[in-house]
Amino acid sequence: QVQLVESGGGLVQAGGSLRLSCAASGRTFSSYAMGWFRQAPGAEREFVAAISGSSDITYYKDSVKGRFTISRDNAKNTVYLQMNSLKPEDTAVYYCAARRETFWIGRKPGEYDYWGQGTQVTVSS
């Protein structure tokens, strides 16, 4: 069982930056692929970025490429999402997710087994 706790959300003006963190419990964090998803009001949860357990595979939603960077520190059991050049359309609740697979990433919510409680990101225009 893995427990995930997100932090770092908040209110920022368009063009600003935020860094989200997701801290995981457990001793085998490097065995888990991690993903970030987001959900805006009235919308389905959508993929944002993912990283493999070994950090050698990353993947991004097209609209965040070049603006967002996913990374992880396995020694700290933490995955990050650095978000730059934020836009109002990035406003959503952001969730991190985990699945016990080392050399794998997933882009569908149903492919992940564990979820955090979410952190709100609001970008004002």
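Above: the structure in question.
Calculation criteria
- Residues numbered from 1 in each chain as written.
- Predicted model: local features only at pLDDT ≥ 70, side-chain atom pairs only at ≥ 80, totals over all residues.
- Heavy atoms only, no water.
- Phe/Tyr/Trp six-rings, centres within 6.5 Å; stacked < 30°, edge-to-face > 60°.
- Helix = DSSP H or I, 4+ residues; strand = E, 2+ residues; numbered from the N terminus.
- Buried < 20%, exposed > 50% of the residue type's maximum accessible area, 1.4 Å probe, protein only.
- Contact = heavy atoms within 4.5 Å.
- Polar contact = N/O pair within 3.5 Å; in protein donor to acceptor, adjacent residues only side chain to side chain.

Focus: the packing of aromatic side chains
Enumeration according to the criterion identifies 8 aromatic pairs in this entry. Ring centres of Phe37 and Phe47 lie 5.8 Å apart, and the angle between their planes is 75°; on these two criteria the pair is classed as edge-to-face. In this pair, Phe37 is assigned in strand 4 (residues 33-39) and Phe47 in strand 5 (residues 46-51), connecting sequence segments 10 residues apart. For the pair Phe37 and Phe47, a shared accessibility class is recorded, and that class is buried. Between Phe37 and Trp115 the ring centres are 5.1 Å apart and the planes differ by 55°, which places this aromatic pair in the tilted class.

Observations concerning the environment of Phe68
Tracing the chain through its elements places Phe68 in strand 7 (residues 68-73). The spatial distance from the C-alpha of Phe68 to the C-alpha of Ser125 is 19 Å, given a sequence separation of 57 residues. If we ignore the near neighbours within four places in the chain, the residues touching Phe68 are Arg38, Val48, Tyr60, Leu81, Gln82, Met83, Asn84, Leu86, Asp90 and Tyr94.

Overview of the environment of Arg67
Mapped onto the fold, Arg67 is located in the loop between strand 6 (58-60) and strand 7. Distance in space between the C-alpha atoms of Arg67 and Ser17 is 9.4 Å, their sequence separation being 50 residues. Within the structure, Arg67 has its side chain in polar contact with the backbone oxygen of Ser63 (distance 3.0 Å). Engagement of the side chain of Arg67 in a polar contact is seen with the backbone oxygen of Ser85, the distance being 3.0 Å.

Nothing here speaks to function; it is geometry throughout.
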